[in-house]
Amino acid sequence: MKNFVKKLVVLITTFSILAVMSTIPVQAGAKSTYWLTGISKQAGGNMRMYYKGNTITLQGKIKRSDSIDTVSDAAEKKSSYKLKVAKNCKVHLIEAENDQIVTYAQWAKNDGYKDTVDKKGKGKEATFISATFKVKGKKIVEISFSA
């Protein structure tokens, strides 16, 4: 009888551990939305952005936060992100009193970005002053360029 109880306890413990482990990835995925921001090297900052079709690569010192309200207060960290762009991505062009919202495809076409690749395979470097990106599920869903 003692042997049966020990086996039952081991069985219950094993299933409990498996149940807990299966819920951990769900909790980690719950915070898959975050914001990135930075100032370009051309404007005296430390971030570079490369355009290559449906992929944007960010390199340099970038601020990251879980909220748009706290992203400007976040500490800059040297990092690199290679992110896909969502099909429904909107690009906000903010300049003084002229605000425009366009699709990612329109922005890429209007700014003359093509699927050109530099010597390092990064793509064409985009010119901007300040950029903020909303990333959801490892895809960029919103981009804001401001002067």
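To be clear, the structure that these remarks concern was listed above.
Remember, it's a predicted structure, so these values are computed and weren't measured experimentally.

Calculation criteria
- Residues numbered from 1 in each chain as written.
- Predicted model: local features only at pLDDT ≥ 70, side-chain atom pairs only at ≥ 80, totals over all residues.
- Heavy atoms only, no water.
- Helix = DSSP H or I, 4+ residues; strand = E, 2+ residues; numbered from the N terminus.
- Buried < 20%, exposed > 50% of the residue type's maximum accessible area, 1.4 Å probe, protein only.
- Contact = heavy atoms within 4.5 Å.
- Phe/Tyr/Trp six-rings, centres within 6.5 Å; stacked < 30°, edge-to-face > 60°.
- Lys NZ or Arg CZ within 6 Å of the ring centre and 35° of its normal.
- Core = buried A, V, L, I, M, F, W, Y, C linked by side-chain atoms within 4.5 Å.
- Salt bridge = Lys/Arg side-chain N within 4 Å of Asp/Glu carboxyl O.
- Pairing = 2+ DSSP bridges.

Caption draft 1: Up close: the overall build of the protein chain. Of regular secondary structure, the protein chain possesses two helices and eight strands. Along its sequence from the N terminus, the protein chain presents helices and strands in the succession α-β-β-β-β-β-α-β-β-β. Out of the 147 residues belonging to the protein chain, those deemed buried represent 31%. Considering only residue pairs separated by 6 or more positions, the protein chain has 59% of its internal contacts joining residues 24 or more positions apart.

Caption draft 2: Expanded view of the packing of aromatic side chains. Here the structure, examined in full by the defined rule, presents six aromatic pairs. Between Tyr34 and Tyr81, the aromatic rings sit 6.4 Å apart at their centres with planes inclined by 40 degrees, giving tilted as the arrangement. Of this pair, Tyr34 sits in strand 1 (residues 33-39) while Tyr81 sits in strand 4 (residues 76-95), and the two are 47 residues apart along the sequence. Just as Tyr34 is buried, Tyr81 falls in that class too. Measuring from centroid to centroid gives 5.9 Å for Phe128 and Phe145, while their planes differ by 50 degrees, and the two rings are tilted. Linking Phe128 in the loop between strand 6 (124-125) and strand 7 (130-136) with Phe145 in strand 8 (residues 139-146), this pair joins segments that are 17 residues apart in sequence. As far as the burial class goes, Phe128 and Phe145 line up, both buried. One aromatic cluster is present, built from ring pairs that chain together Tyr51, Tyr104, Trp107, Phe128 and Phe145. Taking NZ or CZ as reference, Arg64 lies 3.6 Å from the ring centre of Tyr34, over its face.

Caption draft 3: Inspection of unusual backbone geometry at higher detail. The phi torsion at Lys138 lies on the positive side, around 65 degrees, for a residue other than glycine. Within the secondary structure, Lys138 is located in the loop between strand 7 and strand 8.

Caption draft 4: Structural context of the nonpolar core. Counting 25 residues, the largest nonpolar core has Leu36, Met49, Leu58, Tyr104, Trp107, Phe133 and Ile143 as the members making the most contacts within it. Looking at this core element by element, the count peaks at five residues for strand 4.

Caption draft 5: Highlighting the pattern of salt bridges. The final tally for this structure, using the stated rule, is one salt bridge. Here Arg48 ties to Glu125 by a salt bridge, and the two come within 3.2 Å at their closest N and O atoms. Pair noted here: Arg48 is in strand 2 (residues 47-52) and Glu125 is in strand 6, with a separation of 77 residues, a long-range link. On the basis of relative accessible area, Arg48 is assigned to the partly exposed category, the value being 31%.

Caption draft 6: Geometry of the environment of Asp99. With respect to the helices, strands and loops of the structure, Asp99 is situated in strand 5 (residues 98-103). Asp99 sits in the exposed class, given a relative accessible area of 56%. Here the alpha-carbon distance between Asp99 and Phe145, two residues 46 residues apart in the chain, equals 10.0 Å.

Caption draft 7: Spotlight on the pairing of strand 8. Direction of pairing for strand 4 relative to strand 8: parallel, over a ladder of seven bridges. When the bridges of strand 8 are listed, Ile94 appears paired with Ser146. In the sheet, strand 7 pairs with strand 8 via seven bridges, with the strands oriented antiparallel. When the sheet's bridge partners are listed, Ser130 is paired in strand 8 with Ser146. The antiparallel pairing of strand 7 with strand 8 creates a hairpin that spans two residues between the two strands, and Gly137 there sits at a positive phi of about 60 degrees.

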